[in-house]
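Survey of secondary and tertiary structure
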Amino acid sequence: QVQLVESGGGLVQAGGSLRLSCSASGRIFRIVNMGWYRQTPGTQRDLVAELIGDSTNYVDSVKGRFTVSRDNAKNTVYLQMNSLKPEDTAVYYCNARIVQAYYTPAQQYWGQGTQVTVSS
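A brief report on the enclosed structure follows.

About the cut-offs
- Residue numbers here run from 1 along each chain, matching the order of that chain's written sequence.
- Residues qualify for local features only when their pLDDT is at least 70, as the model is predicted, and side-chain atom pairs are given and counted only at 80 or more; totals for whole chains, interfaces and linings, by contrast, use all residues.
- No hydrogens and no water enter the side-chain calculation; it runs on all heavy atoms of the structure.
- Cysteine sulfur pairs qualify as disulfides if the two atoms are within 2.5 Å.
- For helices the rule is a DSSP run of H or I covering at least 4 residues; for strands it is a run of E covering at least 2, with both sets numbered from the N terminus onward.
- Note on exposure labels: buried denotes an accessible area under 20% of the residue type's maximum, exposed denotes more than 50%, and partly exposed covers the range between, all computed with a 1.4 Å probe on protein chains only.
- Each patch groups residues whose relative accessible area exceeds 30% and which form no salt bridge, using 9 Å between like charges and 5 Å between nonpolar side chains of Val, Leu, Ile, Met, Phe, Trp and Tyr.
- Note that accessible areas follow from Shrake-Rupley with a 1.4 Å probe, and for residues the cover is restricted to the protein chains shown.
- By definition, a salt bridge exists where a carboxyl oxygen of Asp or Glu is found within 4 Å of a side-chain nitrogen of Lys or Arg.

1. With respect to the state of the cysteines
A full pass over the atoms with the stated rule returns one disulfide. Here C22 pairs with C94 through a disulfide, and the sulfurs are 2.0 Å apart. Between C22 and C94, the disulfide has an S-S torsion of -80° and is therefore left-handed. On the criterion of sequence distance, the pair formed by C22 in strand β3 (residues 18–26) and C94 in strand β9 (residues 90–99) is long-range, its members being 72 residues apart. Here C22 matches C94 in class, with each residue buried.

What follows is the structure, encoded as C-alpha cells:
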C-alpha cells in the first residue's frame, strides 16, 4: 500500500509564511503527479497547486505567492506559502497519482490533511 504523510500546517498571521511537506511511502513504482488541495467546511476540495512532470499548475488566487516543488529522491512534495491571507485558511490535503507496479494503472491517494489557519 501507499501512504502520504503531511506536515507543516499551523497558525500564522496574515503576511506570514508556512511550508507544507508531504512524503509518499510504500509500494511505489512511479509517481505520476503530486499536488495540494484545500477544503473549508461545507465546500468541496479544490486544487491549489500541482506538479506534473516538470510542469506546475496553480489556482489563480495563489499565483505569485505559493510555490510547489518536489524532491524525487525522497518522494516528497512541498508547498511554500508566502504572503498568506485569511482566505487561505483551510485544511490542506496532499494528493498523488501513483503507479505501484509495471503495467498497472495509476491510483489516486490522499494525505490525512493539515490545518492552515491565517489570522488577520
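Now that the structure is up, let's keep going.
2. Observations regarding a nonpolar patch on the surface
A contiguous nonpolar surface patch, about 460 Å² in accessible area, is contributed by F29, Y102 and Y103. Structurally, the position occupied by Y102 is in the loop between β9 and β10 (107–110). Given the relative accessible area of 58%, Y102 is considered exposed.

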